[in-house]
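Overview (structure and organization)
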Amino acid sequence: MLAASRFMLDSENVRAEKMPSRNHLDKIGRKKKKKWTEEAMERALIEVKSGRCTVRQAAKEFGVPKSSLGDRVSGRVTPGSRSGPAQLITSADEELLVEFSLYMSKHGFPLTKQQLVSFASSIYKRQHRRVAFSKLGQTWWLNFRKRQEKNITIQPADNVVRGRTVHVRKEALDPFLHLLSTVMDSRGLRDKPHQIFNCNETGFQLGRKRVILPKSASLGCKPTSGSRDHISVLACFSAAGEDIPPFIIYSKAYPGGVCYKTQGPPNALYGWSNLGCINSDLFKKWFLKHFLLHAPKERPLLLIFDGHKSPVNLEVVEAARKEDVILLCLPPHCSHILQPLEAGLFILLKKRFAALVGDGCAPDSHFAVSKKEFSGVFKETYQVVKEEEGVRIVKDGFRKCGIYPLNHFAFNEGHLMASQSMGSEAGCSLSPSAEGESSQLLDPHSDS
C-alpha cells in the first residue's frame, strides 16, 4: 500500500515536471518565431523566379518562411500584401479617418472613442454597401490606436458631473470666445448677423387631459387614453432673428394619419426617435435636407450648437466643408449661458404653448395635448417668432450670450468658478499630439 502511494506521488511529480507553464511556452514560441522583412521576401522571390534556386533554398538563404514564399511564387498571395486577416478599412481610408479625427479634435468637438468609431463605421459601410452592420469592434479599436499612437493620443475627459452646473470654468469659456472672435475676423462675419446661426433643442412633455383648441388649431383627433409622450423641437435662428423652419421630433413613432403635417408650422420637418430627442441620424437628416435648403445663399455660414450629446455624422462634416459652413461646438456644460435660444426664446414659446393649451398648466409641466394635436398647437405658438417681440427676444439672446455683437465681458463673476484639479478619468477623448490644438473652430477654410 505504501509502495503504491509512493508510485502515484512519483508519477504526479514527473507529470508536473514535464508540463511546462504557459509563460514558458509563450517564451519558446517567441524565440522560435522568425522575423523577416518584405525586402528579404522580394529578393527571395526574384531568385526563385529567375531559376537560380528553389523555394526551399531561397527561404533558407534569405531567412523567410518557406510557405509564405511558396504562396507568393504560386500567386496565391500578392507580393507586398500584409499578412494576417484582411483589413476592415484600407490604409488609404484609415489615413482619411485620421485626417477627419484630427480635424474634428482641433475644432472643438469631443472626439471620443464613440465619435471615432462612428466615423470609421461610415467609411466601412461605403466599402461594404450590402453589409447592414459594421464589424468594427474592440479588437479593431485597439489595433487602430496602436497603429496611430504617434498621430493620436488619449487624454482624460473633463471630470465634471454630467449635466448642467450653475457655474462654468473660466478656462473653458475664454478659449471659446477667443476662437469665435478669430473666425469672425478671418471670415468677415463681424457685421453679418444673418449668417450666424444657433440651433438648439427644447422638449415638451405631454399629459393625459383632453385639450380644447380654437377652431383654427383643432385637429379633431382624440388622444390615446393614459398616454404620455415626449416631443422635442429643434429650432434654429440667426443673430438677425431669422429662422430655419422647426424640426419636430416625436417619441417612438409618428402620430397616425397626415394631419400632424398639414396642420403643423409651414415647411416644418418631422422625425422620430425612441426617446423623442435628437440623435446623430436625425441631425444628419436635418442638416443635409433642411438647414442647407432653407439657409441663406451667402457664404460662409456659422452654425453654433452643442456637439457633446451625440457623435457628429461623417456626412455632416463632409457637407459642411463642401458648402462652406463653419461648425462651432460649444464648450461642455456651458450651454445654459452660451445658447442664445435658451436665453429667452424657449421660455417665451413654453409660456405661449401653455396659454394655448389652457387648464392652468405651468410651462414646465405635462401639457394636456395629444401627439396628433401637438403640431397644430405648436403652429399657433410658433407665430410669435414672426412678431416683433419674438425677433427682439432672439436678438437679445445672442447679445446676452456675447455671441453677437461679440462681447468677451458678457459674463460676470457669478457665472464662473475657479479652476479645479481633475481627479479620476471620467472617460477618454482623442486629440492631436501637438499642444494648443485641442479646441478650434470647424472652419472649412482652415489650413488643417
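For clarity, every value in this text was computed on a predicted model and none was experimentally measured. (Residues numbered from 1 in each chain as written. Predicted model: local features only at pLDDT ≥ 70, side-chain atom pairs only at ≥ 80, totals over all residues. Heavy atoms only, no water.)

Our next topic: the sheet that holds strand 5 (residues 243-251). With mixed pairing, six strands are arranged side by side in an open sheet as 6-5-4-3-7-8. Both outer strands of the open sheet, strand 6 (269-273) and strand 8 (325-329), are each paired with one neighbouring strand and no more. Across the sheet, the mean angle from the axis of one strand to that of its neighbour is 25 degrees, orientation sign disregarded. As paired strands, strand 4 (residues 230-238) and strand 5 are joined by five bridges and run antiparallel to one another. Residue pairing across strands places Phe 237 opposite Asp 243, the latter belonging to strand 5. (Pairing = 2+ DSSP bridges. Helix = DSSP H or I, 4+ residues; strand = E, 2+ residues; numbered from the N terminus. Axes fitted to C-alpha atoms, helices over the stretch in contact; angles between N-to-C directions.)

Attention now moves to the packing of helix 6 (residues 91-106) against helix 7 (residues 113-127). Running from N to C, helix 6 and helix 7 point in directions that differ by 145 degrees, and their axes come no closer than 10 Å. When you trace helix 6 past helix 7, the crossing you get is right-handed. Facing Asp 93, Leu 97, Phe 100, Ser 101 and Met 104 of helix 6, the residues of helix 7 in contact are Gln 115, Leu 116, Phe 119, Ala 120, Ile 123 and Gln 127. Of the residues belonging to the contact of helix 6 with helix 7, the class tally is seven nonpolar, three polar and one charged. (Left-handed = near helix turned anticlockwise from the far one by under 90°. Contact = heavy atoms within 4.5 Å. Nonpolar A, V, L, I, M, F, W, Y, C, P; charged D, E, K, R; others polar.)

Its 15 residues place the ends of helix 11 (residues 280-294) 20 Å apart at the C-alpha level, agreeing with the 21 Å of an ideal helix rising 1.5 Å per residue. The set of residues buried in helix 11 consists of Ser 280, Leu 282, Phe 283, Trp 286, Phe 287, His 290, Phe 291 and Leu 292. Where helix 11 begins, the side chain of Asn 279 points an oxygen toward the backbone nitrogen of Asp 281, at a separation of 3.3 Å. (Expected span 1.5 Å × (residues − 1). Buried < 20%, exposed > 50% of the residue type's maximum accessible area, 1.4 Å probe, protein only. Polar contact = N/O pair within 3.5 Å; in protein donor to acceptor, adjacent residues only side chain to side chain.)

The topology assignment puts Thr 202 in strand 3 (residues 196-205). There is a polar contact of 3.5 Å between the side chain of Thr 202 and the side chain of Lys 350.

Overall, the coordinates contain 22 aromatic pairs when judged by the stated rule. Centre to centre, the rings of Phe 197 and Phe 291 are 5.6 Å apart; their planes meet at 85 degrees, and the pair counts as edge-to-face. Of this pair, Phe 197 sits in strand 3 while Phe 291 sits in helix 11, placing them 94 residues apart in sequence. We classify Phe 197 as buried; its relative accessible area is 2%. (Phe/Tyr/Trp six-rings, centres within 6.5 Å; stacked < 30°, edge-to-face > 60°.)

Within this structure, the stated rule accounts for 13 salt bridges. Residue Glu 99 is joined to Arg 321 by a salt bridge in which the shortest nitrogen-to-oxygen separation is 3.9 Å. One end of the pair, Glu 99, is in helix 6; the other, Arg 321, is in helix 12 (residues 314-323), with 222 residues separating them in the sequence. Judged by relative accessible area, which is 40%, Glu 99 ranks as partly exposed. Residue Arg 392 pairs with Asp 396 through a salt bridge whose shortest N-O separation is 3.4 Å. (Salt bridge = Lys/Arg side-chain N within 4 Å of Asp/Glu carboxyl O.)

It is worth spelling out the environment of Phe 62 at this point. By the element assignment, Phe 62 lies in helix 4 (residues 55-62). Overall, Phe 62 belongs to the buried group, its relative accessible area being 16%. It is 5.9 Å that separates the C-alpha atoms of Phe 62 and Ala 40, two residues lying 22 residues apart in sequence. Among residues more than four places away in sequence, those in contact with Phe 62 are Ala 40, Arg 43, Ala 44 and Glu 47.

Moving on, we get to the environment of Leu 206. Mapping Leu 206 onto the fold places it in the loop between strand 3 and strand 4. Expressed as a C-alpha distance, the spacing of Leu 206 and Arg 228, which sit 22 residues apart in the sequence, is 5.4 Å.

What follows is about helix 5 (residues 66-74). Restricting attention to buried positions, one finds in helix 5 the residues Ser 68, Leu 69, Gly 70 and Arg 72. Where helix 5 is buried, its residues contact helix 3 (38-50) and helix 4. Looking one or two residues beyond helix 5, the residue adopting positive phi is Gly 75, at roughly 95 degrees.

Spatial relationships are all this shows, so hold off on functional conclusions.
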